[in-house]
Amino acid sequence: MTLHWTCEARDGDARAGMLHTAHGEVPTPVFMPVGTAGTVKAMTADAVRATGARLILGNTYHLMLRPGAERVARLGGLHRIIDWPGPILTDSGGFQVMSLAGLRKLDQDGVTFQSHIDGSAHRLTPERSVEIQHLLDATITMCFDECTPFPATEAQARDSMELSMRWAARSRAAFLPRDGYGQFGIVQGSIIPDLRRRSADALTQIGFEGYAIGGLAVGEGHGAMFATIDVTVPRLPAKAPRYLMGVGTPEDIIRAVARGIDMFDCVIPTRAGRTARAYTSRGVFNLRNARFAEDPAPLDPACACPACTRHPVAYLHHLFRAEEMLGPMLLTWHNVQYYQDLMRGLRAAILAGRFDAHAAAIRGAWAKPLPPDPSACGANTAAFDDREGQ
Ligand SMILES: [Zn+2]
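Notes on the structure in this doc start here. Quantities reported herein were computed from a predicted structural model and do not represent experimental measurements. (Residues numbered from 1 in each chain as written. Predicted model: local features only at pLDDT ≥ 70, side-chain atom pairs only at ≥ 80, totals over all residues. Heavy atoms only, no water.)

Helix and strand counts for the protein come out as 16 helices and 16 strands. Taking 21 Å as the expected radius of gyration for a compact globule of 390 residues, we find that the protein reaches 20 Å, a close match to that expectation. Counting only residues that meet the buried cut, the protein has 57% of its 390 residues in that class. A fraction of 69% describes how many contacts in the protein between residues 6 or more apart in sequence connect residues 24 or more apart. Put simply, the protein shows about 14,900 Å² of open surface, and 54% of that area lies on carbon and sulfur atoms. (Helix = DSSP H or I, 4+ residues; strand = E, 2+ residues; numbered from the N terminus. Rg over C-alpha atoms; globule rule 2.2 N^0.38 Å. Buried < 20%, exposed > 50% of the residue type's maximum accessible area, 1.4 Å probe, protein only. Contact = heavy atoms within 4.5 Å. Areas by Shrake-Rupley, 256 points an atom, 1.4 Å probe, with all protein chains shown as cover.)

A word on the pairing of strand S12 (residues 210-213). The side-chain alternation of S12 yields two buried faces, one formed by Gly210 and Ala212 and the other by Tyr211 and Ile213. Where strand S11 (residues 182-187) and S12 come together, four bridges link them in parallel fashion. Along S12, the bridge assignment pairs Val187 with Ile213. As paired strands, S12 and strand S13 (residues 242-244) are joined by three bridges and run parallel to one another. Residue pairing across strands places Ala212 opposite Tyr243, the latter belonging to S13. Between S12 and its parallel partner S13, the chain crosses via helix H9 (residues 222-232), and the hand of that crossover is right-handed. (Pairing = 2+ DSSP bridges. Right-handed = clockwise from strand over helix to strand, strands pointing away.)

Further remarks concern the coordination of the zinc ion. Around the zinc ion, the protein contributes the donor atoms Cys303 (SG), Cys305 (SG), Cys308 (SG) and His334 (ND1), at 2.1 to 2.3 Å from the metal centre. Around the zinc ion, the four donor atoms are arranged such that angles at the metal cover 96 to 118 degrees; this shape is classified as tetrahedral. Overall, Cys303 belongs to the buried group, its relative accessible area being 7%. (Donors = N, O, S within 2.8 Å, 3.2 Å for Na, K, Ca; no water. Tetrahedral: all angles 85-135°; square planar, octahedral: opposite > 155°, others 65-115°.)

In this structure, Leu244, Val257, Phe264 and Leu346 are the most contacted members of the largest nonpolar core, which totals 48 residues. Ala53, Leu65, Val111 and Ile132 belong to the second-largest nonpolar core, a separate cluster that totals 29 residues. (Core = buried A, V, L, I, M, F, W, Y, C linked by side-chain atoms within 4.5 Å.)

Next up on the list: the packing of aromatic side chains. Under the definition given, this model contains seven aromatic pairs. Summarising the aromatic geometry, the rings of Tyr279 and Tyr339 are spaced 6.0 Å apart at their centres and angled 75 degrees between planes, so their arrangement reads as edge-to-face. Here Tyr279 is found in strand S15 (residues 277-280), whereas its partner Tyr339 is found in helix H14 (residues 326-352), with 60 residues between them in sequence. Neither Tyr279 nor Tyr339 differs from the other in exposure class; each is buried. (Phe/Tyr/Trp six-rings, centres within 6.5 Å; stacked < 30°, edge-to-face > 60°.)

Counting buried positions over the six residues of S11 gives six, a clear majority of the element. Alignment of strand S10 (residues 140-142) against S11, held across three bridges, turns out to be parallel. In the sheet register, Thr141 faces S11, and the bridge partner there is Gln183. Between the parallel pair S11 and S12, the chain is carried across by helix H8 (residues 193-206), and the sense of this crossover is right-handed.

Our next topic: the environment of Asp295. Inspection of the secondary structure puts Asp295 in the loop between strand S16 (283-286) and helix H12 (306-309). Its relative accessible area of 24% is what places Asp295 among the partly exposed residues. Placed 207 residues apart in sequence, Asp295 and Ile88 show a C-alpha to C-alpha distance of 39 Å. For Asp295, the residues in contact, after removing those within four places along its chain, are Pro312, Val313 and Ala314.

Below is the structure:
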């Protein structure tokens, strides 16, 4: 049986379920830490596991260039070399390639581009993207698509979406079904409701194990993003998992779970962890702030990670001020732990039928409304930025 998802409970439109894969079960809603180049930056695989994370993400673009998909396959696959026997989702490389302004050439068959590492020429097509993800041994393979730039005219958005749907059919034809493995289609169509509906219908017609909503968190703003989610979700099969790519802040995630989204990825917790930005049950803090210099309290009393249970927050402040690498390591662990705890709490609340009350309690505990996150531009964008080493 291919990868599948079972629904355990609904509370309004929010869903709790279980993703059944060849590499283990994943309770949903789930947040996937981003392991761009085969590593969740600054964390060992054991540390990632210790947070309770069950599913991580890898990037086709980065891994095909370095160390190379064929090499990863010869070494036994991504699970083997990164010490992660659990499920892995790989993106298709589409977004990163499309973002290489001036370095790529798009045609109906695929994209030719230059490596950002050494300028060498490469080509990605739907077939090659699926082959690379197969060589990596991805549990969940994503369709190769064009992430429509924002803003786009209606004609541009339509042409781009239709190209992505042709590529989705080719991606599906190239995918080799195996027990516990699956492939997700990606809905495109910019912020135009009719295009989003047509895209969702086209993907459903092809048939996938799951459905992602792509092309959001690229500058369209929160209103347009959630309006697009509202248009798209009802057109997707209720029995399949729904993945909102590249989102987001804790508030974005709560709002999207309330709308029936099951899966998320974003570099916010890991990137913020390297820039002294702490996500906590009491809000977001910059640990470089002088007010932490002699604070003996833990960063987050509600958190069981090593940064919070073994050190005063003043020590974390010191590590960042002294530019010690342990600072980013500890804070990345904490931020990933916070996101995993957030998802576990949301899931428990759905199962208990008290999602709204739980969401209100989370927001109430934040000392103030979360300020805009400068890195909250979506995993797609963020993953692209990761080319430079995240
Ligand atoms: Zn912590």
